[in-house]
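Working through the structure, step by step
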Amino acid sequence: MSQDKLQRYLFEKADVRGEIVQLDESYQQMLAGKPYPASVAKLLGEMLAATSLLTAILKFEGEIAVQLQGDGPVNLVAVNGSHKQQLRGVARWKQDVQTDDLQQLIGKGQLVITITPTQGERYQGIVGLTESTLAGCLEQYFLQSEQLKTRLWLHADGAHAAGMLLQALPESDKSQEVEFEHLESLTDTIKAEELFELEAEQVLHRLYHQEEVRVFEATEVSFKCGCSRERSLNALSSVSKAELTEVLEERGHIDMHCDYCGSNYRFDLIDMEAFWAGGQTSSEQQH
Ligand SMILES: [Zn+2]
């Protein structure tokens, strides 16, 4: 595939919208340098595709954070996405378990979706892990939080991640249910390999050539971590000065590590004194 992209489309004769996302490079960048077990890498890929699909539904500028938390072998899977389709993600696991079953991987836990608009109130939705797939849990989320019939198809294999979404529009009524089911059954026929290998246009043609589909311009999707030296320093404001001074005396510096991209930010006494004084941080300084 040429590049990582997301494509939105609309069925002209039904109140249903759709999305398709195909991710190779951003997925591989997210996994790079991290010894994720195969099952975790797969789940992270599904989360990446899902977050991209969810982010594309946003009607405003902002960020979506999708998190799976539980007491199972994989305690945390977190993926963040922005309206610019810049994504990042990370997972923590205690044990390598070879299964595709979400409940076996995460254990007793929940799916938390946090939507943070650039301007406006933060919104959080939580659903229990009642389904054995991430797609199933997200469908529950949409039904509960937005009362919108939604179907998701998510696939990942450690090299490719891809997903599709169908959602009834808010104005859709009961008479459209048959139409939604028809589109659902068409989309059900797509195989993971086809989503990984075919161009989006080919997939849409293969599935919906008898439907009237309006396809919008594709959006590029990329891996990008929003971390920076300045943000890491600001994060230290939640730690007491006494505690930080102790670390500085002990080691001579404070290290802040970003779990998402592996970046390390180091601050010495001079940096910290400037920060505490409320002055400019030496953000361009190299250590
Ligand atoms: Zn980072």
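What counts, and at which threshold
- Residues numbered from 1 in each chain as written.
- Predicted model: local features only at pLDDT ≥ 70, side-chain atom pairs only at ≥ 80, totals over all residues.
- Heavy atoms only, no water.
- UniProt positions renumbered as here; feature names shortened; annotations may be inferred.
- Helix = DSSP H or I, 4+ residues; strand = E, 2+ residues; numbered from the N terminus.
- Buried < 20%, exposed > 50% of the residue type's maximum accessible area, 1.4 Å probe, protein only.
- Contact = heavy atoms within 4.5 Å.
- Donors = N, O, S within 2.8 Å, 3.2 Å for Na, K, Ca; no water.
- Tetrahedral: all angles 85-135°; square planar, octahedral: opposite > 155°, others 65-115°.
- Pairing = 2+ DSSP bridges.
- Axes fitted to C-alpha atoms, helices over the stretch in contact; angles between N-to-C directions.
- Domains from an automatic or database assignment.

The protein chain appears in an unreviewed UniProt entry as 33 kDa chaperonin from Ferrimonas aestuarii. Quoted verbatim from the Function (unreviewed entry) heading of the UniProt record, the comment on the protein chain is "Redox regulated molecular chaperone. Protects both thermally unfolding and oxidatively damaged proteins from irreversible aggregation. Plays an important role in the bacterial defense system toward oxidative stress." Reading the Subcellular location (unreviewed entry) entry of the UniProt record for the protein chain gives the comment "Cytoplasm".

This part takes up the environment of V213. Tracing the sequence through the fold places V213 in strand β10 (residues 213-215). Its relative accessible area of 27% is what places V213 among the partly exposed residues. Considering only alpha carbons, one finds V213 and W153, 60 residues apart in sequence, at a separation of 19 Å. Setting aside chain neighbours within four positions, we find V213 in contact with Y9, L10, F11 and Y208.

The next subject is the coordination of the zinc ion. Looking at the metal site, the zinc ion is ligated by C225 (SG), C227 (SG), C258 (SG) and C261 (SG), spaced 2.2 to 2.3 Å from it. Geometry at the zinc ion is tetrahedral, judged from the 4 donor atoms that bind it and their angles of 102 to 115 degrees at the metal.

Inspection of the secondary structure puts T55 in helix α2 (residues 38-55). Residue T55 is classed as buried on the basis of its relative accessible area, which comes to 3%. Contacts of T55, omitting those with residues within four sequence positions, involve I64, G81, S82, H83 and Q85.

Strand order in the open sheet formed by 6 strands is β7-β6-β3-β4-β5-β12, with mixed pairing between adjacent strands. Whereas interior strands pair on both sides, the edge strands pair on one side only; in this sheet they are β7 (123-128) and β12 (222-223). By the bridge criterion, 7 bridges tie strand β4 (residues 74-82) to strand β5 (residues 86-93) in an arrangement that is antiparallel. Directly across from V77, in β5, lies its bridge partner A91. Its contacts with the sheet put α2 on β3 (62-70), β4, β5 and β6 (109-117), and the angle it makes with β4 is roughly 30 degrees. Strand contacts of helix α4 (residues 134-145): β3, β6 and β7, with the helix running at about 125 degrees to β7, the strand carrying the most contacts.

The next point concerns the pairing of β4. The buried count for β4 comes to 8 of 9 residues, which makes it a mostly enclosed element. The pairing of β3 with β4 spans 7 bridges and is classified as antiparallel. Within β4, the position partnered with Q67 by the bridge is A78. What sits between β3 and β4 in their antiparallel hairpin is a turn of 3 residues. In textbook terms, the turn of a hairpin is the stretch between consecutive antiparallel strands, and for β4 and β5 this stretch comprises 3 residues, one of which, Q85, has a positive phi near 60 degrees.

Here we come to the domain arrangement of the protein chain. As far as domains go, the protein chain holds domain 1 (5-223) and domain 2 (229-276). For domain 1 and domain 2, the distance between their C-alpha centroids amounts to 35 Å.

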